[in-house]
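Fold and geometry: a report
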Amino acid sequence: MNKENTDEKSKDLDLWMIRPCEMYNNEYGECTSISSRLHQMFVHGSTVDCNHWHEDYINCLKWKKDKNIQAAETLVNSEKMKRNNRWKTFYANNVWENRTSPPENWNDPLPNYIAQRRQNSTLGDESDKTENKSFCSIM
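A brief structural summary. Here the structure is a predicted model, which means the values were calculated and not measured.

1. Focus on the overall build of the protein
Of regular secondary structure, the protein possesses seven helices and zero strands. Secondary structure elements of the protein occur, N-terminal to C-terminal, as α-α-α-α-α-α-α. Taking all contacts inside the protein whose residues are at least 6 apart in sequence as the whole, residues at least 24 apart take part in 57%.

Printed below as a string of structure tokens:
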């Protein structure tokens, strides 16, 4: 496959989703470690299949070294699937109602008792203290 065809096909992919190859290898090592296996047994009742991390690592190497488009497509699809699985519980949540706009009083002044506590706080209004100070330093 020539370089021009590879460049044209890779433009259609979400290549920004591909992480450095070592990250996939690290995830595989973490997934297969003894502590992770014990955690998996505790949470799921059995160990989890970690081979997808190894496959992602191999596909990443094929993409980085040989510019293999098929490997890049597989890797991007794997990343999309992982992202969808992460967001699945967020979208399935029917307990909270999402806002379409901020509450009416979101920018009202603080109540007096909170404003008084804030005066002695280290998180006080820094704009008063630093108004005339310069933070520029020449080394």
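2. Remarks on helix α2 (residues 21-31)
Regarding α2, the residues found buried are C21, Y24 and C31. End-on, the buried residues of α2 take up no more than an arc of 95°, which puts them together on one face. Along α2, exposed side chains directed more than 90 degrees from the buried face belong to E22 and N26. For α2, the secondary structure elements touched by its buried residues are α3 (34-44), α4 (51-66) and α5 (69-92).

3. Overview of the state of the cysteines
A covalent bond bridging the sulfur atoms of two cysteines is what the word disulfide describes. With the rule as written, the count across this model stands at two disulfides. Note on cysteine connectivity: C31 is disulfide-linked to C50, with sulfurs 1.9 Å apart. One quick way to see it: the torsion about the S-S bond of C31 and C50 is about -70°, and its sign makes the bridge left-handed. Linking C31 in helix α2 with C50 in the loop between α3 and α4, this pair joins segments that are 19 residues apart in sequence. Along the protein, the cysteines engaged in disulfide bonds are linked according to the scheme 1-4, 2-3 when indexed in sequence order.

4. Things to note about the packing of aromatic side chains
This model, assessed by the stated rule, comprises three aromatic pairs. Ring geometry for W87 against F90: centres 5.0 Å apart, planes inclined by 85°, an arrangement best described as edge-to-face. Residue W87 and its partner F90 are both found in helix α5; the two are separated by three residues, about one turn of the helix. By relative accessible area, F90 is classed as partly exposed at 46%. Ring plane angle 70° and centroid distance 5.2 Å describe the contact between F90 and Y91, whose orientation is recorded as edge-to-face. It is K67 that lies over the ring of W63; its NZ or CZ is 4.8 Å from the centre. Looking at K82, its charged tip hangs above the ring of W53, at a distance of 3.7 Å from the centre.

5. Focus: the packing of α4 against α5
Where α4 contacts α5, the axes come no closer than 8 Å and their chain directions differ by 140°. Put simply, α4 runs oblique to α5. In this structure, α4 meets α5 at a crossing whose hand is left-handed. For the pair α4 and α5, the contacting residues are H52, W53, D56, N59, C60, K62 and W63 in the first and I69, A71, A72, T74, L75, S78 and K82 in the second. Residue composition of the contact of α4 with α5, by class: seven nonpolar, four polar and three charged.

6. Quick look at the pattern of salt bridges
Per the counting criterion, the structure on display carries three salt bridges. Note that K80 and D14 form a salt bridge whose closest N and O atoms lie 3.2 Å from each other. Remark: D14 occurs in the loop between α1 (3-11) and α2 and K80 occurs in helix α5; sequence separation between them is 66 residues. Assessed through its relative accessible area of 27%, D14 is described here as partly exposed. Across the pair R19 and E79 runs a salt bridge, and its minimum N-O distance is 3.4 Å. Of this pair, R19 sits in the loop between α1 and α2 while E79 sits in helix α5, and the two are 60 residues apart along the sequence. With a relative accessible area of 22%, R19 lands in the partly exposed category.

Reading the values: the criteria
- Residues numbered from 1 in each chain as written.
- Predicted model: local features only at pLDDT ≥ 70, side-chain atom pairs only at ≥ 80, totals over all residues.
- Heavy atoms only, no water.
- Helix = DSSP H or I, 4+ residues; strand = E, 2+ residues; numbered from the N terminus.
- Contact = heavy atoms within 4.5 Å.
- Buried < 20%, exposed > 50% of the residue type's maximum accessible area, 1.4 Å probe, protein only.
- Arc of directions from axis to C-beta.
- Disulfide = S-S within 2.5 Å.
- Phe/Tyr/Trp six-rings, centres within 6.5 Å; stacked < 30°, edge-to-face > 60°.
- Lys NZ or Arg CZ within 6 Å of the ring centre and 35° of its normal.
- Axes fitted to C-alpha atoms, helices over the stretch in contact; angles between N-to-C directions.
- Parallel < 35°, antiparallel > 145°, perpendicular 65-115°, else oblique.
- Left-handed = near helix turned anticlockwise from the far one by under 90°.
- Nonpolar A, V, L, I, M, F, W, Y, C, P; charged D, E, K, R; others polar.
- Salt bridge = Lys/Arg side-chain N within 4 Å of Asp/Glu carboxyl O.

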